[in-house]
Amino acid sequence: MNIAVSQKRFQKINLITIVLLFVLILAGGVVRSTGSGMGCPDWPKCFGRYVPPTESSELPADYKQKYVAGREAKNQRFAKTLDVFGFSDLATRLRQDRSILVPEEFNAAKTWTEYINRLIGAISGLFLLLTAVYAFSYSKESKLIVFLSILNLILVGFQGWLGSIVVSTNLVAWIVTVHMLLALAILALSITTYHLAKAYGKPKLDTIPIIHIIALLALILSIVQITFGTEVREKIDAVATRLSGYRDGWVNSAGQIFTQHRDVAILVLVINIMLYALIRRHFSRHSIQQQLMSFNFLIIMLQIVTGIVLSYLALPPFAQTLHIVFASLMFGAQFYLMLNLYQSANRQGGYK
């Protein structure tokens, strides 16, 4: 096959992969907001089947005892792994968490919600594999593209294993946070390989250092904000278990982590206003940098709106999902912007 054709195909597949990763984050947000994370008690199958049941009559005999026993054995192995790597406290907490032994009741809607999430994950994994294969068309021009594509494939494999641990540990809080952050790392690598392929052969930009510093700070604050957001959700999950149906009191009971999440949100807004002003001043109106910054600022505004809805309307599930998706879009736009400050992947990129 012609190298140029393979490289074009790589770029198309890589772009599709990025879109699929955002769709996967959306699906994960739906799973999280609807409480469907344990809709399938086993992994990679669902109730021992490749196509999950729709009625309780289709469930395996003694499925509760069977999956709880299997989950406990797997968690013991995972706890031993944590001990080996020096995380003894986490291993002890995992061994002492008796909630893991509480079986989930079958709910067809939650089962299929989780199953669809897994299907999207499998399709995304397939496209990441194709991305790694076609990355070799750049083996002469950029070995970094090949390396990062293979690394991303390895991370996806680890993410799949971690997903099984998420199920096995019954959504233990800190593992869910790691799962989310690793998803962002996979997204960042996909965006990087796409950018490297698009920007290959184009001149580097001579951007003033302050723009790079502010862009990097904005990205770091966004990652901190997303991390706090996952911790807020974990805290609210614990509160929800205690307060049951009293949703109005969940946010107020979240404690200091919610205040930190809100305060960092203000910092994110301020730093992005500064970055927006710098981008408008130093880049032409139709540059990729201005387009990305405008998109990013729109997403931040929508993120603030969903945050207000969550705070004052008792955490409606649709707003939870949108909040996660907007956070991921903000991260993606900021990361791609940072890459384009060094070398533009668009011919219109550049100074005024």
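The structure this text deals with has already been given above.
Before going into details, it helps to say that this report is about the structure given with it. (Residues numbered from 1 in each chain as written. Predicted model: local features only at pLDDT ≥ 70, side-chain atom pairs only at ≥ 80, totals over all residues. Heavy atoms only, no water.)

### Some thoughts on the state of the cysteines
- Overall, the coordinates contain one disulfide when judged by the stated rule.
- The partner cysteine of C40 in its disulfide is C46, sulfur to sulfur 2.0 Å. When the S-S torsion is -85°, as for the bridge of C40 with C46, the disulfide is left-handed. As far as burial versus exposure is concerned, C40 and C46 are alike and both buried. (Disulfide = S-S within 2.5 Å. Buried < 20%, exposed > 50% of the residue type's maximum accessible area, 1.4 Å probe, protein only.)

### Topic: the packing of helix α2 (residues 63-84) against helix α3 (residues 88-96)
- It is at 7 Å that the axes of α2 and α3 come closest, and there the two elements cross at 165°. Classified by the angle their axes make, α2 and α3 are roughly antiparallel. Remark: the crossing between α2 and α3 carries left-handed chirality. On the side of α2, the interface is formed by N75, Q76, F78, A79, K80, L82 and D83, while α3 contributes S88, L90, A91, L94 and R95. (Axes fitted to C-alpha atoms, helices over the stretch in contact; angles between N-to-C directions. Helix = DSSP H or I, 4+ residues; strand = E, 2+ residues; numbered from the N terminus. Parallel < 35°, antiparallel > 145°, perpendicular 65-115°, else oblique. Left-handed = near helix turned anticlockwise from the far one by under 90°. Contact = heavy atoms within 4.5 Å.)

### Points about the nonpolar core
- In terms of nonpolar packing, the biggest core is built from 67 residues, with L187, L275 and I279 touching the most fellow members.
- Membership of the second largest hydrophobic core comes to eight residues, among which are C46, L59, Y67 and F106. (Core = buried A, V, L, I, M, F, W, Y, C linked by side-chain atoms within 4.5 Å.)

### So, the environment of L187
- When you line up the elements, L187 lands in helix α6 (residues 173-199).
- By relative accessible area, which is 0% here, L187 ends up buried.
- For the pair L187 and N152, spaced 35 residues apart in sequence, the C-alpha to C-alpha distance is 8.9 Å.
- Apart from the residues lying within four places of it in its own chain, the contact partners of L187 are I18, L21, F22, I25, S328 and F331.

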